[in-house]
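Topology and contacts: notes
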Amino acid sequence: MGSPTHDKNSQLDFLKHRLNMFLDILEAIDPEDTDVDDIDRLIMMIDELESKIREFNNRELSESVK
């Protein structure tokens, strides 16, 4: 992993990059050859993205309280 992303622009860039990666993978999947493991990996990517969004939001809230 890299260093923590603290400023809003870096966080937004990170999320955009991850979302674009997800979309690229989604577009590359052949529906005829997709199996349950592929779907599980996509769901895991979405869960990780959602977790990062929560982490960034919580970090922003805790910094605004200081």
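Below is a short write-up of the structure. (Residues numbered from 1 in each chain as written. Predicted model: local features only at pLDDT ≥ 70, side-chain atom pairs only at ≥ 80, totals over all residues. Heavy atoms only, no water.)

As a further point, take helix 1 (residues 8–28). The terminal C-alpha atoms of helix 1, which comprises 21 residues, lie 30 Å apart, in line with the 30 Å expected from a rise of 1.5 Å per residue. Listed in full, the buried residues belonging to helix 1 are Q11, L15 and F22. The arc that holds the buried residues of helix 1, viewed along the axis, is 30°, so those residues lie on one side. Opposite its buried face, helix 1 presents the exposed residues N9, D24, E27 and A28, each directed more than 90 degrees away. Among the residues of helix 1, the N-terminal cap falls to D7, whose side-chain oxygen and the backbone nitrogen of N9 are separated by 3.0 Å. (Helix = DSSP H or I, 4+ residues; strand = E, 2+ residues; numbered from the N terminus. Expected span 1.5 Å × (residues − 1). Buried < 20%, exposed > 50% of the residue type's maximum accessible area, 1.4 Å probe, protein only. Arc of directions from axis to C-beta. Polar contact = N/O pair within 3.5 Å; in protein donor to acceptor, adjacent residues only side chain to side chain.)

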